[in-house]
Amino acid sequence: MKINRTVERTVEILELLSKEKNGLTVKEITEKMKIPKTSAYDILETLAHLEILEKNTGELNLYKIGLKSFQIGNSYSRNKEIFKIIDKPMQELAEKIGKTVFYAVENVGEIVYISKHESEKAIITTAGIGSTNPMYCTSLGKAILAFLSPEKLESLMNMQSFEKKTSHSLSKKELVKELKEIRTRGYAIDNREIEEHMLCIGAPVFDSTKSVVGAVSISGLFSKDRNIDIESSELLKTCSEISRKLGY
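Residues numbered from 1 in each chain as written. Predicted model: local features only at pLDDT ≥ 70, side-chain atom pairs only at ≥ 80, totals over all residues. Heavy atoms only, no water.

(A) Focus on the side chain of Gln-160. Relative to the elements of secondary structure, Gln-160 occurs in the loop between α6 (150–157) and α7 (172–185). A distance of 3.4 Å separates the side chain of Gln-160 from the backbone nitrogen of Tyr-136, its partner in a polar contact. (Helix = DSSP H or I, 4+ residues; strand = E, 2+ residues; numbered from the N terminus. Polar contact = N/O pair within 3.5 Å; in protein donor to acceptor, adjacent residues only side chain to side chain.)

Here is the structure:
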């Protein structure tokens, strides 16, 4: 693997400044790191422009960790806490139902799978951690869309392509109607809408602000014998437990 030297130096600078409460000048940074002043200056100015660093424009021109760095680090802490909270309930659900269980969040109009638990009886699923899918044709995406504010919902709906992934994929008009049903029953169904052979059930997860922050789904092969009532009941219990632990 080829290491990008500029990126490596950027991280090293951030690590150095994270230990310096009062900040450092360009000269102090270059002396401590033994790198050219021009290289350090370009990196520092870019990071300051992005608000990852703060630049004191006084006599010393000190650089220190900025607000954006705090926000990024805080986001990691929140995500790390999420994994602690969702891990056990998801594993228990996967074993109880005998299928694959996912946790996903919304990102730029798509869902991103950030956790996955498989029962020994589960089939192999195509989605992997870090992969993405559209919102309009997945139970996870629809479960999130249904519980958003009107403004956020409109914004994300405008980002959907509504491409027919299968013959069962919904149009925008059909999805708007279904979202009302999802709000009433509490869960969403992807009935072969993204893959012809898959049926998934998804339900939302809420945080202490009563905002939807993600969704959990049960993923398995389509079958007329699937007991949606039992699966959705267990799924809602799991989402309720996770939401409660998040302060909902």
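Next comes the rest of the description.
(B) Region of the structure containing the packing of aromatic side chains. In this structure the tally under the stated criterion is 4 aromatic pairs. Both rings, one in Tyr-136 and one in Phe-162, keep their centres 5.1 Å apart while their planes meet at 40 degrees; by these two values the pair is tilted. Separated by 26 residues along the polypeptide, Tyr-136 in the loop between β5 (132–134) and α5 (139–145) and Phe-162 in the loop between α6 and α7 bring together distant segments of the chain. Given the relative accessible area of 1%, Tyr-136 is considered buried. Measuring from ring centre to ring centre gives 5.6 Å for Phe-147 and Phe-206, while their planes differ by 85 degrees; the resulting arrangement is edge-to-face. A residue pair is termed long-range when its members are at least 10 positions apart, and Phe-147 in the loop between α5 and α6 and Phe-206 in strand β7 (residues 198–206) qualify at 59 residues. (Phe/Tyr/Trp six-rings, centres within 6.5 Å; stacked < 30°, edge-to-face > 60°. Buried < 20%, exposed > 50% of the residue type's maximum accessible area, 1.4 Å probe, protein only.)

(C) Inspection of the pairing of strand β8 (residues 212–221) at higher detail. Counted residue by residue, β8 has 8 buried out of 10 residues, so it is predominantly covered. Of the pairings in the sheet, the one linking strand β3 (residues 100–107) to β8 comprises 5 bridges and is antiparallel in character. Its bridge partner being in β8, Thr-100 is matched across the sheet by Ser-219. Taken together, the 9 bridges between β7 and β8 define a ladder with antiparallel strand orientation. If you follow Pro-204 over to β8, its bridge partner there is Ala-215. A loop of 5 residues connects β7 with β8, the two strands running antiparallel in sequence, and Lys-210 in this loop sits at a positive phi of about 65 degrees. (Pairing = 2+ DSSP bridges.)

Shape is all these values report; function is a separate question.
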